[in-house]
Amino acid sequence: MVSDRQVYVTSGLPSYINGDLADGNIILIVDDNPANLGLLSDLLDDAGFEVWAARDGESAIRKAEYAPPDIILLDVMMPGIDGFETCRRLKSNPLTQEIPVIFMTALSETVDKVKGLNLGAVDYITKPFQNEEVLARVKLHLKLQKLTETLAAQNLLLKQEILEREGAEAALHQLNQELEKRVEERTQELQQAQVNLIQKEKMSALGQLVAGVAHEINNPIGCIVGNIICAKEYIQDLIEHVKLYQQKFPNPGKEIEEHESEIDLEYLLEDLPNLISSMKAGSDRIHQISISLRKFSRSDTDFKTAFNIHEGIDSTLLILKHRLKANDNRPEIKTIKDYGDLPLVECYPGQINQVFMNIISNAIDAFDEYSESHSYEEIAANPNTITIRTEYSAAERRAIVRIEDNGSGISEEVKQQMFEPLFTTKALGKGTGLGLSISRQIVVDKHGGELSCISTPGIGAAFAISLPIL
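Cut-offs and rules
- Residues numbered from 1 in each chain as written.
- Predicted model: local features only at pLDDT ≥ 70, side-chain atom pairs only at ≥ 80, totals over all residues.
- Heavy atoms only, no water.
- Helix = DSSP H or I, 4+ residues; strand = E, 2+ residues; numbered from the N terminus.
- Buried < 20%, exposed > 50% of the residue type's maximum accessible area, 1.4 Å probe, protein only.
- Contact = heavy atoms within 4.5 Å.
- Areas by Shrake-Rupley, 256 points an atom, 1.4 Å probe, with all protein chains shown as cover.
- Pairing = 2+ DSSP bridges.
- Axes fitted to C-alpha atoms, helices over the stretch in contact; angles between N-to-C directions.
- Core = buried A, V, L, I, M, F, W, Y, C linked by side-chain atoms within 4.5 Å.
- Phe/Tyr/Trp six-rings, centres within 6.5 Å; stacked < 30°, edge-to-face > 60°.
- Expected span 1.5 Å × (residues − 1).
- Polar contact = N/O pair within 3.5 Å; in protein donor to acceptor, adjacent residues only side chain to side chain.

## Considerations on the overall build of the protein
Part 1 of the argument: Looking only at helices and strands, the protein features 14 helices and twelve strands.
Part 2 of the argument: Taking all 470 residues of the protein together, 40% fall into the buried category.
Part 3 of the argument: Long-range pairs, those at least 24 residues apart, make up 69% of the contacts in the protein with a sequence separation of at least 6.
Part 4 of the argument: Of the accessible surface of the protein, which amounts to about 26,000 Å², a share of 53% is contributed by carbon and sulfur atoms.

Rendered as structure tokens:
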């Protein structure tokens, strides 16, 4: 166990420049929870790291200024200054601004995660901790830091060599261009790495949640469906038995006749089969919902699998059905499905479902925002509509999905930035700016497809997803 009284050592360049990523690297853990400190300290110590600890933000800043660690694991909620303020101070201090900061937070705090990234953090680790994930993320950012420092060293050598040559002015100009190019490439790589980590965690959490709900629904509903079938047969037998008694004993006596009148036996015998049939229809509906949830949340393997695009769209719409219903501000959002004859598509089904979810959810958000400034009657006169069309292009061997809405549309300025990470037009707390960026990465980078948007302000927006048929 590592305490706040541990002796610290100073060093020059990080020790991983010429050695193993874990060997001798210093990790500063900042958390007011002794259990978390102990758990992470033991894990990282066993992996070969040198571990420091701090219980609050002020002491963490002092330690980092005295002897900068190689990386900082920073809790969000702490006494005194919280993790966000601690990160802001670290990044504003020249002595500590280059130290990578990884936040430790909960899965539900999506807005806090984005806020942390905007403050300069490189990543986050979710609670409860997964040992493999903690080690993987720490090693990843140590490697990125190593590459950054190696690049800086190489750039310094390159600059010195060029300045020693004749024509130093022209050479310096060339160096600046190369440096700018390398910085831009490096920034894009780091940004993409962050988006990839967020996308993987989001899919994993959503898949586990939906699959778990589907499993929990399926078990009891399976029991209900099976029992309803038997109950229907038993009730039919009892009804036939009662009718047989009525035929054989037309005068059963005053007490039985009074009870028959009290329970309205004739209506009961007529309505009971209808009631059982209605219960069976309801349980069958729940069973179909469970199947759709499992289809939507199916885990992706390391290779692409044949997938029915229409099933993915249907399961997505079923999950979003509660958001499509009418509410106090607007009527029901209509959905129109115009499906063509599509072959199975070789893809990662869970990721493609996420693309459908992101685009359709954005359309619903736009309708909800529009309803805040327009009356119920105005919207009812021109109903909110989402139209989904699919077609197969034999010439290009591509499956094409078009998701269109008749909302307020998207301006040209927003269209130029809408696929960039962390860009959003939604109010604080209502959007992370990652949905369309992740969707484009899934369609373009992971599947070799195309994702485009055509929109006219005041008319609506149309997204086209094009996937190759292998």
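## Description of the sheet that holds strand S11 (residues 450-456)
Part 1 of the argument: Read across the open sheet, the five strands follow the order S7-S9-S10-S12-S11; overall the sheet is mixed. Either end of the sheet is taken by a strand with one partner, and the two such strands are strand S7 (334-338) and S11. When strand polarity is set aside, the average angle formed by the axes of neighbouring strands in this sheet is 15°.
Part 2 of the argument: As judged from the eight bridges shared by strand S10 (residues 398-405) and strand S12 (residues 460-468), these two strands associate in the antiparallel manner. Among the inter-strand pairings, Ile-400 is bridged to a residue of S12, identified as Ser-466.

## Regarding the nonpolar core
Part 1 of the argument: Ranked by internal contacts, the top residues of the largest apolar core, which has 38 residues, are Ile-309, Ile-386, Ile-403, Phe-463 and Ile-465.
Part 2 of the argument: Broken down by secondary-structure element, the contributors of at least two residues to this core are helix H9 (309-319), strand S8 (345-347), helix H11 (349-371), strand S9 (385-393), S10, helix H14 (435-446), S11 and S12.
Part 3 of the argument: Element by element, the count of residues in this core is highest for H11, at nine residues.

## Digging into the pairing of S10
Part 1 of the argument: Counting buried residues in S10 gives six out of eight residues, a clear majority hidden from the surface.
Part 2 of the argument: Taken together, the eight bridges between S9 and S10 define a ladder with antiparallel strand orientation. In the strand pairing of S10, Thr-387 is matched with Glu-404.
Part 3 of the argument: Two successive antiparallel strands, S9 and S10, enclose a turn made up of four residues, where Arg-397 displays a positive phi of approximately 50°.

## Considering unusual backbone geometry
Part 1 of the argument: Here the amide bond leading from Lys-127 into Pro-128 is cis, since omega sits at 0°, within 30 degrees of zero.
Part 2 of the argument: Of note, Pro-128 is situated in the loop between strand S5 (123-127) and helix H5 (131-164).
Part 3 of the argument: Its identity is not glycine, yet Arg-397 carries a phi of approximately 50°, on the positive side.
Part 4 of the argument: Topologically, Arg-397 is positioned in the loop between S9 and S10.

## Some details on the packing of aromatic side chains
Part 1 of the argument: Enumeration according to the criterion identifies two aromatic pairs in this entry.
Part 2 of the argument: Where Phe-84 meets Phe-103, the ring centres are 5.4 Å apart and the plane angle is 65°; that geometry is what we call edge-to-face. Highlighted residues: Phe-84 in helix H3 (residues 83-92) and Phe-103 in strand S4 (residues 101-106), separated in sequence by 19 residues. Summarising the burial analysis for this pair, Phe-84 and Phe-103 share the class buried.

## Remarks on helix H1 (residues 34-46)
Part 1 of the argument: The end-to-end C-alpha distance of H1 is 18 Å, a good match for the 18 Å that 13 residues give at a rise of 1.5 Å each.
Part 2 of the argument: All of the buried residues in H1 are Asn-36, Leu-37, Gly-38, Leu-40, Ser-41, Leu-43 and Leu-44.
Part 3 of the argument: A side-chain oxygen of the first residue of H1 lies 2.8 Å from the backbone nitrogen of Ala-35; this N-cap is Asn-33.
Part 4 of the argument: Taken from the residues just after H1, Gly-48 is the one with a positive phi, measuring 100°.

By themselves, these observations are geometric and do not establish any function.
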